[in-house]
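# Summary of structural features
The lines below spell out each chain.
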Amino acid sequence: MRLHQLTVTAFGPFASTERVDFDRLTASGLFLLRGATGAGKSSVLDAVCYALYGELPGSRKSNGVRSDHADQGRRTEVVLEATLGGRRLEITRSPEQSRPKKRGSGFTLDKAQTLLREWVADAGEGVPGWVAVSRSHQEAGEELTRLLGMSRDQFCQVVLLPQGDFARFLRADSRQRADLLGKLFDTGRFEQLERWTADRRLRQEHEVQAGRQKLRDLAARAEEAAGPLAEDAAAHRPGEDASASDVLAWAAMLRGTAAERVTATALALEVAESARTRARARLDAQRALADRQQRHRSASRDHAELTAADGESAADRARLRLALAAEALAPLRSLHRGALAAHAAAGSAESAHRAALAARSAAPWAAELLGDLRSPAELAVAERALHTEAARLAEARADEERHARLRAERAELAAEQKRADDLAEDSQDWLAGYDDQLKQLHADLDEARDAHALLARLDVQHAELTARQDAAGRHRRLLAARSAAEAEVRTLTDAALVARSRTLDLQERRLAGMAAELAAQLAAGEPCRVCGSPEHPDPARPSAGQVTAADEQRARAAQHTAEGELDAAKHRLGVLQVDAAAAETAAAGRSVAELKALLDELTAERRVALHTADRLAPLGQQVERLEQERRARGERLRQAGERGAVLADRLGAVAAELDALAGKIAAARGDAPSVAARAAAVDALAAAVTTVLDSARTTAETTARLDDATDALAKAAADAGFAGLPELADAELPAQRRVSLQRHFEQLDAALEQAAARLADPDLRAAAELPPADAESAHAAEEHATAVLRAADTAHRTAADQVAALARIADALTVLADAFAPVLDAYARISRLAALLAGAPAENALRMRLESYVLAARLEQVAAAASQRLLKMSGGRYTLVHSDGLVSGTKRSGLSLHVVDAWTGRERDTGTLSGGESFFASLALALGLADVVTDEAGGMPLDTLFIDEGFGTLDENTLEEVMDVLDSLRERDRAVGIVSHVADLRTRIPAQLLIRKHRHGSTAHHTTNADT
């Protein structure tokens, strides 16, 4: 890891933008970060940690990185350019922060952002440049952690060495050292092997427990299947830990007892079936006899009841006969009723019409024309006189109608003259407001043009946001697919490890049985390929599980297949990661919800602009219509003036003609309100006279018809046997009542006939002569026989089911016993191996795990490398040594560190060192760790280290020794940054970064010791 550039904006104590050129600072190998207390020296290291991990060192929260001195509108941001794993990367991070709203008052919350870019030789068209790798916090963090090979805490402990924490690794316990060393030296495969062995042991243990549980379950099932039979064999029941053979013997005992019970229950079932058949035949016979006896009693009762009912209905039969006779005369009676009703209606109408005529003839002029009207002849004379008067008044009505039309014309002319005047006045008023309307329309037209231009810009923004939203949705789906692919990779990794372990196991077993494999190729008289002897007195023989070359080849082929599937899955995962990064870049690092909110806001703005822009065409049309209206209003004003003069002349002529017609009309109407009214009264009186004349004639005709109908009905009633018309009317019945009586007597006669037929049935008569049937006792006997049969059948089925169930259980026990033996053997082997790799005391005397064993060798190298510098720093007094001795309690051994004091010759704990001694001891350890990691194949080179304070605890001689050691790092192209207040360091270290604090925020300056 090598740092190049760091840019911070509104971060910590820095109010504006400050840049740190690490390439310039690290050119000489050592550089110094100095400044007053609280100026922000450690904040530079905080910015490096925040850029790499998105978090600050220690327990501080990342939401506290914003500078209190920065302007509200300035966004907090950290940009770090560094080389990690041979790749030059640029990391940009911004925390979640509030900023003033662009529109209106108040603040809005900007979400945290992360951008990871890489410098490539071809960023497009063959030009080098930066290419976006990811905008996801999680993806960028995972990629950086993978390249660094350390977590944030480990990075701070090995690279940054912050205040008060750089001696933590020196004093860490075995577990903490194992966590750090495991990350640095990539020993995860050994831990995976431990986990795989432990998981294998757990799976084998589960199989053993499952086998024992199956054995117990089968024993319980055998006991349950045997039921009460198991109580007789309870003394022989196997215990919880019994073997499969014991359970098999016990199940065979139960099956034999159940077979004997099947034979006994089969005999009892045959006896019960015979008894139930006899009981059912007797029950059927008694039920048939009871049914016939019941039917005979019912027929006797019904016949007696129907005979009594027929005697009681004699009066109704006679009444029905008279009603049927009267019904035969219904046509004549209907004709008589019609004539009577017509005569009454004609008399009533004539009376009403004469009363109406009397009311109309009360006026004097009517009395003169009519006189006294009684006979039809007098009515005819009056009708002729009224028609003559009506003809005279018809001539006068023409003058009256002409007079009415002229009056209507005069009113219409006056109204038209008023409308012409109103139209002229309205046109004058409209033309007065024309200029204001035209000015307002032009202003609205300009606003619509501006909205139309804004709408085009908003459409472009909407298309961009829509594309980003699609990319964000695609990114979310790709993340889910990537998670599934990662799970598949993990599964296939386990499968590949299992296949590889299988191959190695078969190789070892084949090597162990290689003597037998070679012996199989020997032939009598031919020399041995190993010793050359033609005699083969005692050749090795193959074991039961001898592994052949074909077995090994199949295992290797399975291993290659599993590894090929794993490589394919990793390739698919890589493609998904690239696609997800591209989708996130296309989405500009925003989520679907964020982009949807922006789209909604843009859509609302576009809706307003569209509403305004839609008025552009209508407003242009309104301007054109306004100009047309102005011309039309002027023309209407001119025409209204001309029309008013013409109407005034016509009104004078109409008034003169109205005066001439008024005298003629007054003479014709008399005392009536009008000639038309007098003519209408004469016409109405003539119609009333005509109506009375017609009704008198109708009354005479209906009287003659009534007399004829009465004579015909009286003659027919006498012929039918009725004394007169009143007796005929009394004999009539309503149609519904008459039909009801007829239907009743028909049903009664049919029921009597059926009852008599049932009584005559010979089967019913014979059953009635027998004693009463006893069906209840027969039913009870049949139910008892059925219950006995069911019990016998149930007992037989239960016994048969018990035999079948016990047979199935015995088969299952046999299969389980064959499969369980190799499981127990495999469990014993894997348990011992897992205990050995996990450092269990029973199998591992040092209690050292496999990973700890590997890391112990690395720690031994680290201690040797650290001792070279520690000897120089301590003036030859101290060296660090690795210890694999046992530790107290339950802790694992193998990762302990001790310090050897050359003055006393004793080895002691590192916690006994003083403050200054702990500082240079931990510094030497950190540098040694960096050396070993750099030299380790696959390790991450740590080209830049930071030491935050601690030099103040050193005396002058020790400081000199420490500086010589740090200065020697230049030989390995490594840079060390020192954060310190020690004044002596300013003259020793040329390259310096000076942090100055001010009232409005700190600033960073590159300087040299010559500038101080």
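Structure's up top.
The paragraphs below set out a description of the structure included in this document. (Residues numbered from 1 in each chain as written. Predicted model: local features only at pLDDT ≥ 70, side-chain atom pairs only at ≥ 80, totals over all residues. Heavy atoms only, no water.)

### Considerations on the nonpolar core
Spelled out, the test is: Definition of nonpolar core: a set of buried residues of the types Ala, Val, Leu, Ile, Met, Phe, Trp, Tyr and Cys, connected through side-chain atoms within 4.5 Å. Partly exposed residues are those whose accessible area sits between 20% and 50% of the maximum for their type, while under 20% is buried and over 50% is exposed, using a 1.4 Å probe and protein chains only. In what follows, a contact means two residues having at least one pair of non-hydrogen atoms within 4.5 Å.
Among the nonpolar cores identified, the biggest contains 45 residues, and Leu6, Phe22, Leu52 and Phe155 are the most heavily contacted of them. Contacts of Phe155, omitting those with residues within four sequence positions, involve Met1, Val48, Leu52, Tyr53, Met150 and Leu160. If you look at the next biggest cluster of nonpolar residues, it comprises 43 residues, including Leu180, Phe919, Leu966 and Ile989.

### Section: the pairing of strand 5 (residues 87–94)
Condition: In this description a helix means any DSSP run of H or I spanning at least four residues, a strand means any run of E spanning at least two, and both kinds are numbered starting from the N terminus. Here, any two strands with at least 2 DSSP bridges between them count as paired.
Within strand 5, six of the eight residues are buried, leaving the element largely enclosed by the surrounding structure. Connecting strand 4 (residues 77–84) to the next strand, strand 5, in antiparallel fashion are two residues, including Gly85 with a positive phi near 60 degrees. The pairing of strand 5 with strand 8 (residues 113–120) spans six bridges and is classified as antiparallel. Each bridged residue has a counterpart across the sheet, and for Ser94 the counterpart in strand 8 is Gln113.

### Structural notes on the environment of Leu283
Within the secondary structure, Leu283 sits in helix 9 (residues 244–312). Through-space distance from the C-alpha of Leu283 to that of His779 is 5.8 Å; in sequence the pair is 496 residues apart. Beyond its immediate sequence surroundings of up to four residues, Leu283 is in contact with Ala775, Ala778, His779 and Glu782.

### Let's talk about the sheet that holds strand 8
Strand pairing in a sheet takes place through backbone hydrogen bonds and is either antiparallel or parallel in direction. The test is simple: Fitted lines through C-alpha atoms serve as axes, helices being fitted only where they are in contact, and the angles separating the N-to-C directions of these axes extend from 0 to 180 degrees.
The strand order across the open sheet built from six strands is 2-1-4-5-8-9, with neighbouring strands paired in antiparallel fashion. Lying at the two open borders of the sheet, with one neighbouring strand each, are strand 2 (14–21) and strand 9 (129–134). Each strand axis lies, on average, 20 degrees off the axis of its neighbour in the sheet, ignoring direction. Bridge count for strand 1 (residues 2–11) against strand 2 is six bridges, and the pairing is antiparallel. For Thr9, the partnering residue across the bridge sits in strand 2 and is Thr17.

### Considerations on helix 3 (residues 137–148)
An α-helical turn contains 3.6 residues, so a residue and the one three or four places further along point in the same direction. Here is the rule we go by: To estimate how far a helix should extend, the number of its residues minus one is multiplied by 1.5 Å. Under this definition, polar contacts are N or O atom pairs within 3.5 Å; protein pairs additionally need one hydrogen-donor-capable and one acceptor-capable atom, and for neighbouring residues in sequence, both atoms have to be side-chain atoms.
Compared with an ideal rise of 1.5 Å per residue, which puts 12 residues at 16 Å, helix 3 spans 16 Å between its outermost C-alpha atoms and is within 8% of the ideal. Among all positions in helix 3, only Glu139, Ala140, Gly141, Glu143, Leu144, Leu147 and Leu148 are buried. Capping of helix 3 at its N-terminal end is provided by Ser136; its side-chain oxygen lies 3.3 Å from the backbone amide nitrogen of Gln138. Gly149 occupies a position one or two residues after helix 3 and carries a positive phi of about 75 degrees.

### Description of the side chain of Arg877
Along the chain, Arg877 falls in the loop between helix 24 (850–873) and strand 10 (878–883). By relative accessible area, Arg877 is classed as buried at 18%. In contact with Arg877, not counting residues within four places along its chain, are Leu871, Val900, Asp901, Ala902, Trp903, Arg908 and Glu917.

### Looking at the pattern of salt bridges
Close approach of charged atoms allows side chains of opposite charge to pair. The following threshold applies: What counts as a salt bridge is simple: a side-chain nitrogen of Lys or Arg found within 4 Å of a carboxyl oxygen of Asp or Glu.
For the structure shown, the criterion picks out 20 salt bridges. A salt bridge links Lys111 to Glu594; its shortest N-O distance comes to 3.2 Å. Here Lys111 is found in the loop between strand 7 (107–110) and strand 8, whereas its partner Glu594 is found in helix 17 (residues 592–613), with 483 residues between them in sequence. Linking Arg829 and Asp825 is a salt bridge whose minimum nitrogen-to-oxygen distance equals 2.5 Å. Of the two residues, Arg829 and Asp825 both sit in helix 23 (residues 775–838), four residues apart, roughly one turn of that helix. Taken together, the shared-partner salt bridges connect Arg87, Glu118, Glu143 and Arg146 into one network.

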